[in-house]
Amino acid sequence: MTPPRKLHIKSYGCQMNVYDAQRMVDTLAGEGFVETGSVDDADLVILNTCHIREKASEKVYSELGRLRAVKEEAARNGRQMSIAVAGCVAQAEGSEIVARAPVVDVVVGPQSYHHLPELLARAAKDGRAIETEFPVRDKFEFLPQPKPDAIRARGISSFVTVQEGCDKFCTFCVVPYTRGAEVSRPAVKIVDDVERLADHGVREITLIGQNVNAYHGEGPDGRTWSLGTLLRRLADVPGIVRLRYSTSHPRDVDETLIQAHRDLAALMPFVHLPVQSGSDRILAAMNRRHTADDYRRVIDRFRAVRQDIAFSSDFIVGFPGETEGDFRATLALVTQIGYAGAYSFKYSPRPGTPAADMQETVPAADMDERLVRLQELIDSQQSAFNKALIGSTVDVLFERAARNPGQIVGRTAYLQPAHVMAPEEIIGQVLPVRIESLARYSLLGELAAVPQCRPASSAQMTDSSVTRMGA
Ligand code: SF4
């Protein structure tokens, strides 16, 4: 019997890339590949790249430099190793990658990785293969389903892509160029995926998309389904106890989504809703197509139906033309909303985006100073949010054994890690935990209920911290 070939994937960036990496593993499993945690014994190494962060492509080239040495060592030992670059840097810089790094065998964009087996075969024959066109047919039509043991090995929480690409064209962002136009998967395919995951032990689903609440997939009734309608259907899948979605745009929050938060016990009351800036002038320069007040009103609509809802966000400081007054408007917005957490970054230009040509750059020292002020404010809000849980009892979905012997770790509705001393049978269950203390961002507590001996039905496992409100 031929021994399995070994595949090592290094994935950078967002949850879409984590999901794509898993689907690459599923695709290549059919070709006899198994995953390895080490590059040294890999027959194929895939760098699944991200273009969002600063100097993304430079990081890829320096990683490729390291891999060249590993590949040469493998060749000296009589072993052939292939290197593929996937993801958004591959999409944006396909031919430049092979020109600068001849060590690369395959370059594949994020919409084409279902072609990896053919591309590897072509590279073996011709020396190299590149595919970065946006294909006419959706890759999801071709991707194989993950095997049951792969689903179980990935744990009780899973991402499912429902939508890809973006039509918003924020002036700082590369996504519309690297991931292409918005495309939504048909609802029936998503329901099939979720049912299959639930059948093999998954309890929590996070629906993902670059602009997830712009979802407008074909429904089984022939109508276009919104994200809210899709969530309503998925809440009925037996075994699924928690639903989340990410990442949303404030302009695409429609009434079906608000009503889903009002009605669905399984939909977690924690929404990541990027705003980027609190200044209308900067929001206009970013082409966000909403004002700070529009954003405040969206938050109010969520809060009107779920008093326990919490928010996180993304912020860019030092966008071209940002004055101290603009920045203070951001601080004012953060103070007013009160976040459970947020990501904040200094602006850095992405080649090919409109903002990269803007002239009014903010001095680096000002950016540094503003970032510190913003992060101090966000940290203080996050810390207050976490501390407020001490002494209360919250529901936790238990995920895995923790590093400390005897401890099991899970997540609250707000994604805070929570640790308890308990048997491993509680993994996959939602149980109430009395929170006793806080260690930085992690909660420590003890079970406030006796765990069930065997996996519960979905009805038994519904989150009790989530009050069903309204109709
Ligand atoms: S909405 Fe998000 S993904 Fe789309 S262009 Fe703006 S920042 Fe990028």
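Novice: Please give an account of the site of the ligand that cites residues and values.
Specialist: The environment of the ligand is made up of C166, K168, F169, C170, F172, C173, V175, P176, H249 and R288. Within the shell around the ligand, the residues separate by chemical class into 7 nonpolar, 1 polar and 2 charged.

Novice: Break down the packing of aromatic side chains for me, with residues and values.
Specialist: This model, assessed by the stated rule, comprises 7 aromatic pairs. The interplanar angle of 70° and the centroid separation of 5.6 Å between the aromatic rings of F169 and Y177 together place this pair among those described as edge-to-face. The partly exposed category is assigned to Y177, whose relative accessible area is 38%. Ring-pair connections join several aromatic residues into one group, and the members of that group are F172, F319 and Y347.

Novice: Describe the sheet that holds strand β13 (residues 242-246), listing the residues and the values that go with them.
Specialist: Pairing is parallel in the open sheet, where 3 strands are placed in the order β7-β10-β13. The open sheet has two free edges, formed respectively by β7 (157-161) and β13, since each of these has just one partner strand. Direction aside, the axes of adjacent strands within the sheet are offset by 25° on average. Note: β7 against strand β10 (residues 204-208), 5 bridges, orientation parallel.

Novice: Go over the nonpolar core, please, and point to the residues and values.
Specialist: If you look at the biggest cluster of nonpolar residues, it comprises 53 residues, and the most contacted ones within it are L207, L230, Y245 and F302. In this structure F302 touches Y245, V253, L257, I258, H261, V271, L273, I309 and F311, once residues within four positions along its chain are discounted. The next biggest cluster of nonpolar side chains, apart from the first, holds 24 residues, and it includes Y19, F140, L143 and I208.

Novice: A description of the packing of helix α1 (residues 15-29) against helix α4 (residues 116-126) should follow, citing residues and the corresponding values.
Specialist: At their nearest, the axes of α1 and α4 sit 9 Å apart, and the two run at 65° to each other. Relative to α4, the element α1 lies roughly perpendicular. Contacts between α1 and α4 involve M24, T27 and L28 from the former and L116, P117 and L120 from the latter. The residue makeup of the contact of α1 with α4, split by class, is 5 nonpolar, 1 polar and no charged.

Novice: Please give an account of helix α8 (residues 227-234) that cites residues and values.
Specialist: The complete set of buried residues in α8 reads L227, G228, L230, L231 and L234. For α8, the angular spread of the buried residues around the axis is 160°, confining them to a single face. Each element contacted by the buried residues of α8 is listed here: α7 (187-199), β10, β12 (224-225), β13 and α9 (255-263).

Conventions adopted
Residues numbered from 1 in each chain as written. Predicted model: local features only at pLDDT ≥ 70, side-chain atom pairs only at ≥ 80, totals over all residues. Heavy atoms only, no water. Near = heavy atom within 4 Å. Nonpolar A, V, L, I, M, F, W, Y, C, P; charged D, E, K, R; others polar. Phe/Tyr/Trp six-rings, centres within 6.5 Å; stacked < 30°, edge-to-face > 60°. Buried < 20%, exposed > 50% of the residue type's maximum accessible area, 1.4 Å probe, protein only. Pairing = 2+ DSSP bridges. Helix = DSSP H or I, 4+ residues; strand = E, 2+ residues; numbered from the N terminus. Axes fitted to C-alpha atoms, helices over the stretch in contact; angles between N-to-C directions. Core = buried A, V, L, I, M, F, W, Y, C linked by side-chain atoms within 4.5 Å. Contact = heavy atoms within 4.5 Å. Parallel < 35°, antiparallel > 145°, perpendicular 65-115°, else oblique. Arc of directions from axis to C-beta.

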